[in-house]
Structure formats: C-alpha cells, structure tokens
Amino acid sequence: MPNTTHLLLAEDEAALGQIVKESLESREFTVDLAEDGEKALKLFEQKSYDALVLDVMMPKKDGFTLAKEIRAKDDSIPIIFLTAKSQTSDVVEGFSIGGNDYLKKPFSMEELIVRIHNLVARKKLQSQSEVLTLGEYQFNFPKQILQFQTEEPVLLTHREAHLLFHLIKNKNQVLDRSLILNKLWNSDDFFAARSMDVFISKLRKKLSKDERIQIINVRGFGYKLTC
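No experiment lies behind these values; they were computed from the predicted model shown. (Residues numbered from 1 in each chain as written. Predicted model: local features only at pLDDT ≥ 70, side-chain atom pairs only at ≥ 80, totals over all residues. Heavy atoms only, no water.)

Caption draft 1: Representation of the packing of aromatic side chains. The final tally for this structure, using the stated rule, is seven aromatic pairs. Where tyrosine 137 meets phenylalanine 148, the ring centres are 5.0 Å apart and the plane angle is 50°; that geometry is what we call tilted. Here phenylalanine 148 lies in strand E8 (residues 145–148) and tyrosine 137 lies in strand E7 (residues 137–140), a separation of eleven residues in the sequence. Just as tyrosine 137 is buried, phenylalanine 148 falls in that class too. Between the NZ or CZ atom of lysine 202 and the centre of the ring of phenylalanine 199, over which it lies, the distance is 5.0 Å. (Phe/Tyr/Trp six-rings, centres within 6.5 Å; stacked < 30°, edge-to-face > 60°. Helix = DSSP H or I, 4+ residues; strand = E, 2+ residues; numbered from the N terminus. Buried < 20%, exposed > 50% of the residue type's maximum accessible area, 1.4 Å probe, protein only. Lys NZ or Arg CZ within 6 Å of the ring centre and 35° of its normal.)

Caption draft 2: Focus on the sheet that holds strand E1 (residues 5–10). Read across the open sheet, the five strands follow the order E2-E1-E3-E4-E5; overall the sheet is parallel. The open sheet has two edge strands with one neighbour each: strand E2 (29–34) and strand E5 (101–104). Between one strand axis and the next, the sheet turns through 20° on average, direction left out of account. Bridge count between E1 and strand E3 (residues 51–55): four bridges; the pairing is parallel. Bridge pairing links leucine 7 to alanine 51 in E3. Helix H5 (residues 109–124) contacts E1, E2, E3, strand E4 (79–83) and E5 of the sheet and is inclined by roughly 175° relative to E5. (Pairing = 2+ DSSP bridges. Axes fitted to C-alpha atoms, helices over the stretch in contact; angles between N-to-C directions. Contact = heavy atoms within 4.5 Å.)

Caption draft 3: Seen up close, H5. Between its terminal C-alpha atoms H5 stretches 23 Å, which fits the 22 Å expected from 16 residues at 1.5 Å a residue. Within the sequence span of H5, burial applies to Met109, Leu112, Ile113, Arg115, Ile116, Leu119, Val120 and Arg122. (Expected span 1.5 Å × (residues − 1).)

Caption draft 4: Up close: the domain arrangement of the chain. By domain assignment, the chain separates into domain 1 (5–126) and domain 2 (129–226). Taken together, the contact pairs 18 residues of domain 1 with 19 residues of domain 2. Taking both partners together, domain 1 and domain 2 bury about 1700 Å²; carbon and sulfur atoms supply 49% of that area. Run the count over domain 1 and domain 2 and you get zero salt bridges. Listed by contribution, the elements that provide at least two residues to the side of domain 1 that touches domain 2 are helix H4 (88–96), E5 and H5. Broken down by class, the residue content of the side of domain 1 that touches domain 2 amounts to six nonpolar, eight polar and four charged. (Domains from an automatic or database assignment. Buried area = accessible area lost by both parts, 1.4 Å probe. Salt bridge = Lys/Arg side-chain N within 4 Å of Asp/Glu carboxyl O. Nonpolar A, V, L, I, M, F, W, Y, C, P; charged D, E, K, R; others polar.)

What follows is the structure in structure tokens.
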C-alpha cells in the first residue's frame with residue numbers, strides 16, 4: 001500500500017511492543033519492532049521510515065542515546081519518545097537532542113496515532129519547494145537551509161526550520177505561544193514552553209547578522225518576528 005506510514009518501534013517490553021505493533025498495523029501502519037536500541041539502529045540504517053517511536057529505557061542502547069545517533073544521520077525524521085519518566089530534566093533532554101514529542105506510559109493508542117499522523121504530515125510540508133526571503137537571508141524551508149547573503153548556508157534542525165517557517169509566515173504579527181506549542185510540540189505545558197524558549201534563542205543567534213531582524217517576546221501572548 002503506497003500511502004502506508006512505515007514506523008520503527010523500539011520497545012524492550014515484549015508484550016507491550018507486540019500490542020502496540022499489532023494495534024498500529026490494524027490502522028494501516030507498517031511497523032518494524034526492535035527489542036533494544038542496537039537492533040533499532042541497525043534497522044534504521046537498513047530501511048526507510050516515516051517516523052520513529054522510541055522507548056527511553058532500553059537495554060544495550062537507551063532511547064536518548066539512540067536518538068542522538070540517529071539525529072547525526074537524519075535531522076528531519078520525526079521521533080516520539082515513550083517514557084515512564086516525568087521529571088523536567090528528562091523531558092527537556094528529550095526535546096534538546098531532537099525529539100519531536102513524548103508520551104508518558106501508560107498511553108492510549110488513539111493519542112499515539114494522532115501524534116504520529118501530525119508529525120508525519122508536518123514533515124511532508126518540507127516537500128513544498130518554497131524559498132523565503134527574510135532581510136538579507138534566504139530560507140529554504142524544504143531543505144532546512146538558512147543562508148546570509150553569499151555566505152556558506154547553515155543547516156537548521158527540524159524544529160528550528162518549522163518554528164522559523166511559522167514566524168516568517170506571520171511576520172509583523174504576534175505568533176500565539178500556545179498555538180505554536182501545540183502545533184510543533186503537541187503540548188503547551190511547562191516542558192514544551194521551556195524547550196521553545198531555547199529554540200527561539202538559537203534562531204536569534206542565527207539571524208543576528210541582519211540587525212533589522214528581531215524576534216520579540218510579547219509577554220503573555222507569544223513572539224513577533226519583525227524586519
């Protein structure tokens with residue numbers, strides 16, 4: 001089936017992994033199941049996937065370590081973490097190393113499926129052949145490349161590119177904080193908000209060569225990109 005979403009699921013709890021795999025396959029996903037991080041990495045290197053669902057606590061290679069190694073090879077594939085952890089530092093670490101979303105165990109299959117669909121659909125936006133101009137910068141959204149004048153292009157991360165895309169599309173308007181958090185992080189909780197603040201800081205630095213460009217924090221509402 002050409003439109004089937006192909007997933008890599010890494011889960012060391014055999015019973016849970018099989019239940020999730022069968023549930024997803026009943027909804028027209030195709031799923032490869034790995035019982036540990038090393039097997040998951042080998043599968044990732046051998047096949048092509050639309051999204052990854054990674055358990056954080058796994059033998060041989062944990063989910064965070066696995067995600068770091070995958071991000072070194074592919075900076076755009078959507079990654080969802082499954083975790084029993086809920087401490088601030090754990091969640092922030094997951095976002096900071098390139099995770100796109102996380103679900104705390106136990107979770108509902110319906111919620112997992114919705115989040116997978118949202119992330120895959122968002123990634124497909126990159127197929128749009130659109131190059132945006134921002135001051136002295138050219139932003140190639142599909143390729144996630146930002147270039148200042150004729151200097152060497154800078155490769156943005158998956159989330160940096162999507163955040164910048166929405167800021168540019170709403171230039172000179174306030175980008176609602178809650179709306180963009182739910183759109184890109186699938187949550188507007190404390191952890192997601194803290195993660196977005198970090199990404200805003202990164203974008204400010206990468207756009208700093210054109211002094212006309214400002215990302216303004218409109219307290220209580222969101223951010224406004226001006227140029």
